[in-house]
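# Examination of the molecular architecture
Here is what each chain is made of, one letter per residue.
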Amino acid sequence: MGKEFRGTVTGHPDFDGNADAEALFNAMKGFGSDKESILDLITSRNNAQRQEIRASYKSLYGKDLIDDLKYELTGKFERLIIALMRPPAYHDAKEMKDAVKGAGTNEKCLIEILASRTNEQVHALTEAYKDAYDRDLEESVVGDTSGHFKKMLVVLLQGTREDDEVVYEDLVEEDAQHLYSAGEEQWGTDEAKFIMLLGNRSVNHLRLVFDEYQKIAEKSIEESLRSELSGDFETLMLAVVQCIRSVPMFFARRLYKSMKGLGTADDTLIRIMVSRAEIDMLDIRECFRLRYEKSLYNMIQDDTSGEYKRTLLKLCGGDDDLAGEFFPEAAQIAYKMWEISAMTKITPRGTVRPASDFDPSSDAQDLRKAMKGFGTDEDIIIDIVSQRSNEQRQEIRQVFKSLLGRDLMADLKSELSKNLCRLVMALMMTPPEFDAKMMKKAMEGAGTDEHALIEILVTRSNEEIHAMCAAYQEAYKKSLEDAITSDTSGLFCRILVSLVQGAREEGPADMDRVEEDAQALADACNDDSSEMEVKFMTILCTRSFGHLRRVFQEFVRCSNKDIEQIIKKEMSGDVKNVMFAIVRSVKNQPSYFADRLYKAMKGLGTDDRALIRIMVSRCEIDLFNIRKEFKETHDASLHEFIQGDTTGDYRKTLLLLCGGED
């Protein structure tokens with residue numbers, strides 16, 4: 001039985017190559033061209049039919065259709081239409097040629113094409129490249145790349161990956177152990193072993209190997225690659241792994257990165273939309289919706305314009321934002337994502353560590369000198385405060401008072417100003433004091449910063465919540481619960497009150513209750529919205545994160561839906577935001593914080609309060625992990641974002657907390 005067609009562009013049922021050639025000729029005849037007719041015709045024919053139209057056009061008019069289209073059309077619309085008119089292998093060949101010609105190399109294009117194509121597609125590509133440019137593709141790639149990156153590209157260019165049905169069950173555990181031994185288990189990395197296994201074993205075999213690797217290493221293969229490799233080689237190997245797991249999800253990520261932020265990577269957008277329209281665009285659309293809580297259709301609509309937009313939307317084929325259930329491919333991916341989340345043991349890693357030769361008396365005296373007399377030596381203050389652990393800073397505070405009879409916090413406040421002052425003061429507080437202060441700030445004044453309340457209460461452990469509540473009572477002579485109750489209302493208030501109890505269950509999943517909880521959530525989806533939200537609250541606010549990972553995985557099986565999509569579709573306002581934050585934190589807390597940091601800095605203006613809050617509260621816990629997630633999701637380092645979005649001593653301090661460039 002053949003595989004179900006998952007593309008969005010199909011052959012026209014009443015196809016007539018001569019009639020279409022004549023219609024295109026008429027659309028380009030005279031002054032100007034009828035772009036609407038051109039795009040409507042070309043997007044409603046599959047590639048094989050377009051090649052027939054091209055042949056008919058030459059027979060009828062003695063001219064090359066592509067040449068005429070180039071003459072009549074302009075800009076991105078022209079590039080898109082011309083790409084659609086090329087045979088797939090020749091389109092890939094043109095993209096590869098453009099990637100290696102000129103002064104620089106477009107490594108991302110090389111990676112995308114070679115990591116995602118089947119053996120058959122790779123062979124067709126190399127033949128088309130030879131035919132079009134009279135040169136071997138391997139020669140071009142070898143001449144333009146180097147090192148392990150070059151070696152892996154050459155392996156992929158052979159198109160010799162074993163067929164999907166080839167699985168060596170007796171070698172699965174051995175291969176997983178080889179990968180572990182080549183990286184995590186030794187000093188340095190045996191890149192050749194990674195290249196050999198990831199470049200040749202079948203997709204189905206490697207999926208089993210990755211599952212086995214997870215058990216051995218207690219982390220995903222992706223995490224290991226990020227920690228063991230670097231540069232273009234790391235990017236290539238991650239792309240290969242992502243394509244082994246799911247080619248549609250790989251392309252969903254690439255499409256998102258091509259359109260998010262300022263500007264659009266149109267070459268990437270065109271290449272993917274053209275190359276996948278007749279293969280798996282339906283699955284890519286669903287993976288896009290699953291991962292980014294927005295349909296591909298709407299993102300294209302928001303990010304492009306004119307005939308270019310119309311053509312892309314025709315290739316996309318429909319809007320999925322109103323869809324509730326998954327296509328089979330996306331359901332399997334959602335289930336697998338939660339399974340990986342449940343199995344992965346993330347080792348939190350901060351960026352600020354205790355100073356090795358710590359002398360609190362010396363630090364206290366240096367800080368006093370930096371603030372004494374005319375002017376302030378901010379560099380000394382920044383270097384000391386940002387390169388000591390919080391415990392060491394508390395010692396400095398005590399010694400400053402006992403040696404000099406002065407309050408360090410008061411002195412810093414009088415000497416520093418604006419965001420630098422806020423950041424340094426935040427670093428000098430204990431974590432519970434700082435959390436209490438942030439909760440107070442979120443509720444004072446005319447408006448409430450609900451996002452801050454949600455972020456803090458969702459991500460803190462029971463112990464951290466209890467310490468914060470005690471610090472709040474001490475500082476403001478009022479219970480935090482009372483403050484929340486007077487400043488919020490309705491079910492949102494009830495959810496925050498539930499979280500502020502710090503009574504979430506701890507430990508691994510209770511497998512006896514997993515199916516029961518998942519079914520309860522699935523059944524609640526059929527209730528009216530208020531009853532559904534209450535049922536979600538009773539489970540999401542009380543169960544351990546380890547338990548919820550298994551519940552959300554089982555929920556996909558029970559309902560053929562993803563918990564994130566249900567929350568987005570069925571809930572609204574602050575209730576939706578807090579539920580969504582819980583799910584995101586359960587799935588991957590560093591990724592949740594990376595997204596919060598991105599939102600704090602993207603666009604016009606910076607949310608400095610959120611930026612300070614996260615950088616200070618996570619720098620000794622998991623800021624290194626957050627940095628890695630930031631780079632993976634947003635294709636730019638946290639260091640770059642901070643550098644471009646802040647200035648002066650404030651920026652210098654944030655970069656020291658960030659701890660490095662990725």
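Residues numbered from 1 in each chain as written. Predicted model: local features only at pLDDT ≥ 70, side-chain atom pairs only at ≥ 80, totals over all residues. Heavy atoms only, no water.

Now for the overall build of the protein. Helices and strands together make up the secondary structure of the protein, namely 40 helices and 0 strands. Relative to the 2.2 N^0.38 estimate, which gives 26 Å for 662 residues, the radius of gyration of the protein is 28 Å and therefore close to what a compact globule would have. Each of the three principal axes of the protein carries a C-alpha extent, and together these read 95 × 65 × 60 Å. Split into buried and exposed, the 662 residues of the protein put 52% on the buried side. Carbon and sulfur atoms provide 46% of the accessible area of the protein, an area that totals close to 29,000 Å². In the protein, 89 positive and 119 negative side-chain charges are present, and the distance between their average locations comes to 4 Å. (Helix = DSSP H or I, 4+ residues; strand = E, 2+ residues; numbered from the N terminus. Rg over C-alpha atoms; globule rule 2.2 N^0.38 Å. Buried < 20%, exposed > 50% of the residue type's maximum accessible area, 1.4 Å probe, protein only. Areas by Shrake-Rupley, 256 points an atom, 1.4 Å probe, with all protein chains shown as cover. Lys, Arg positive; Asp, Glu negative; His and termini not counted. Charge placed at Lys NZ, Arg CZ, Asp CG, Glu CD.)

Turning our eyes to something else, we now look at the side chain of Asn419. Within the element layout of this structure, Asn419 appears in helix α26 (residues 418-428). With a relative accessible area of 19%, Asn419 lands in the buried category. Leaving out residues up to four positions away in the same chain, Asn419 has contacts with Asp608, Ile612 and Tyr650. (Contact = heavy atoms within 4.5 Å.)

Moving on: helix α19 (residues 296-303). Burial in α19 covers these residues: Leu296, Asn298, Met299 and Ile300. Close packing links the buried residues of α19 with α16 (247-259), α17 (266-276), α18 (281-292) and α20 (306-316).

To continue, consider the packing of helix α28 (residues 450-459) against helix α31 (residues 490-500). Running from N to C, α28 and α31 cross one another at 35 degrees; their axes reach a closest spacing of 10 Å. For the crossing formed where α28 meets α31, the hand is left-handed. Counting all contacts with α28, which are made through Glu450, Leu453, Ile454, Leu457 and Val458, the residues of α31 involved are Phe492, Leu496, Leu499 and Val500. Residues that form the contact of α28 with α31 fall into these classes: 8 nonpolar, no polar and 1 charged. (Axes fitted to C-alpha atoms, helices over the stretch in contact; angles between N-to-C directions. Left-handed = near helix turned anticlockwise from the far one by under 90°. Nonpolar A, V, L, I, M, F, W, Y, C, P; charged D, E, K, R; others polar.)

A complete count under the given rule lists 46 salt bridges for this structure. With a shortest N-O distance of 2.6 Å, Glu222 and Arg245 are connected by a salt bridge. Highlighted residues: Glu222 in helix α14 (residues 221-228) and Arg245 in helix α15 (residues 231-245), separated in sequence by 23 residues. With respect to burial, Glu222 and Arg245 carry one shared label: buried. A salt bridge links Lys294 to Asp302, with the nearest nitrogen and oxygen atoms 2.8 Å apart. A relative accessible area of 57% means that Asp302 is categorised as exposed. When salt bridges that share partners are traced, they join Glu36, Asp40, Arg310 and Lys314 into one network. (Salt bridge = Lys/Arg side-chain N within 4 Å of Asp/Glu carboxyl O.)

With that settled, consider the packing of aromatic side chains. Under the criterion given, the structure shown has 15 aromatic pairs. Measuring from ring centre to ring centre gives 6.3 Å for Phe25 and Tyr57, while their planes differ by 55 degrees; the resulting arrangement is tilted. Remark: Tyr57 occurs in helix α3 (residues 47-61) and Phe25 occurs in helix α1 (residues 17-27); sequence separation between them is 32 residues. For Tyr57, a relative accessible area of 1% translates into the label buried. Three or more aromatic residues joined by ring pairs make a cluster, and in this case those are Phe25, Tyr57 and Tyr61. The positively charged end of Lys440 is found above the aromatic ring belonging to Tyr476, 5.2 Å away from the centroid. (Phe/Tyr/Trp six-rings, centres within 6.5 Å; stacked < 30°, edge-to-face > 60°. Lys NZ or Arg CZ within 6 Å of the ring centre and 35° of its normal.)

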